[in-house]
Amino acid sequence: MLDPNWKARLLTSYTAIAFYVVIALVFLPDLIFFAFGIDTNPLVWSALLALTAILGLLGRVVLQPKAGAWRRRFIIGVIVLVTLSAAIPALAQTTERQTMAVLVPLVVKWEGEHRCADNPAMHCAYLDIVGVATLCYGETRGVELGDRATDQQCLNMLKRRLSLDFREGLHRSFTTKTKETRLTPERDAAYVSLAYNVGIYGAGRSTATRRLNAGNIAGGCRAIGWWNKAGGRVVRGLVNRRAEEVALCLRGS
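All values derive from a computational prediction rather than experimental measurement.

S.K.: Sorry if this is basic, but what is going on with the overall build of the chain here?
M.R.: Assigned secondary structure in the chain consists of 12 helices and six strands. Expressed as a percentage of its 253 residues, the buried residues of the chain come to 37%. A fraction of 63% describes how many contacts in the chain between residues 6 or more apart in sequence connect residues 24 or more apart. Here the chain has roughly 14900 Å² of accessible surface; of this, 63% comes from carbon and sulfur atoms.

S.K.: Can you help me understand helix H6 (residues 151–171) in this one?
M.R.: Side chains that are three or four residues apart share a direction in an α-helix, a result of its 3.6 residues per turn. With 21 residues, H6 extends 28 Å from end C-alpha to end C-alpha; this agrees with the ideal 30 Å at 1.5 Å per step. Of all bends in H6, the biggest is about 35 degrees, found at Leu162. Among the residues of H6, those classed as buried are Cys154, Met157, Leu158, Arg161, Leu162, Ser163, Phe166, Arg167, Gly169, Leu170 and His171. Looking at the packing, one finds that the buried side of H6 touches helix H5 (96–111), strand S1 (123–124), strand S4 (148–149), helix H7 (176–182), helix H8 (185–198) and helix H9 (200–204).

S.K.: Got a minute to help me understand the nonpolar core in this structure?
M.R.: One recurring pattern in soluble globular proteins is that nonpolar side chains are buried together. Formed by 36 residues in total, the largest nonpolar core has its most connected members in Leu103, Cys136, Leu158, Leu162, Leu170, Tyr191 and Ile224. No other element matches the seven residues that H8 contributes to this core. Sequence-distant contacts of Leu103, defined by excluding residues within four places in its chain, comprise Leu162, Ala189, Val192 and Ser193.

S.K.: Is there a simple way to think about unusual backbone geometry in this case?
M.R.: Negative phi characterises most residues that are not glycine, and trans characterises most peptide bonds. With phi around 60 degrees, Cys136 is a residue other than glycine that occupies positive phi space. Considering the arrangement of structural elements, one finds Cys136 in the loop between strand S3 (133–134) and S4. Look at Cys136 and you get buried, because its relative accessible area is 2%.

S.K.: Explain the state of the cysteines here, please?
M.R.: Each disulfide is one covalent bond, formed between the sulfur atoms of two cysteines. Inspection of the entire model under this criterion finds three disulfides. For Cys116, the disulfide goes to Cys124, at an S-S distance of 1.9 Å. As the torsion about the S-S bond is roughly 105 degrees, the Cys116-Cys124 disulfide counts as right-handed. Look at Cys116 and you get buried, because its relative accessible area is 3%. Between the sulfur of Cys221 and that of Cys249 lies a disulfide, 2.0 Å long from S to S. Judged by the torsion about the S-S bond (-70 degrees), the Cys221/Cys249 disulfide is left-handed. Taken as a pair, Cys221 in helix H11 (residues 217–224) and Cys249 in helix H12 (residues 236–250) lie far apart in primary sequence, 28 residues in all. Here the two residues Cys221 and Cys249 agree in accessibility, since each one is buried. In the chain, the cysteines engaged in disulfides, taken in order along the sequence, are linked 1-2, 3-4, 5-6.

Calculation criteria
Residues numbered from 1 in each chain as written. Predicted model: local features only at pLDDT ≥ 70, side-chain atom pairs only at ≥ 80, totals over all residues. Heavy atoms only, no water. Helix = DSSP H or I, 4+ residues; strand = E, 2+ residues; numbered from the N terminus. Buried < 20%, exposed > 50% of the residue type's maximum accessible area, 1.4 Å probe, protein only. Contact = heavy atoms within 4.5 Å. Areas by Shrake-Rupley, 256 points an atom, 1.4 Å probe, with all protein chains shown as cover. Expected span 1.5 Å × (residues − 1). Bend = angle between axes of the 7 residues up to and from the residue. Core = buried A, V, L, I, M, F, W, Y, C linked by side-chain atoms within 4.5 Å. Disulfide = S-S within 2.5 Å.

Below you can see the structure in the form of structure tokens.
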């Protein structure tokens, strides 16, 4: 049987309002991405959904008499404001998808490729500038001369290594403040590109990372350009690569 006061319930019931907020939170991340190209942190939305669900459940068991209604609404308003103020830094935090959109083309461009002479549709392993067996876009782990891979295999390998190994590994060297407020997608991509080229250990302990963690963004970006040697000598290709990484890193400084 329909509640005779159903219109009022839909407008004033705390449980109904919680349902509206849940629906909004489900669709807002995609709407923000499609409207502005911003990929927000899913953990924040999950936390907001959980909090809203808890408030909705409380709305079902807590009496809601007319007396004290404005006091209850004030308390809920304070909770919402505090939650949003805590969530804003995380919402602004650069996410993996934003970084990868910049990072993958950057690495592909500078790592280059080595096609098989007998089958140009395939990538063949080769010796890089310092004599290390390399396949696809700079992959060296477990590579032996004679190995081959398709374009898709190379791209999948690169994305997996950049995301799971190099980005996650390098981010362990960044402070929470750096990850929350100093890493634009371009800056994140520049640092991860450096790590992919020189190693996580070197990039993580570099002056570039120390300066960034200290809040000296421009100085940290410029220090990326110092890594321009291979085998003890300056290499023109590395000079040019570092120059592009520094320019990306400085964007928005």
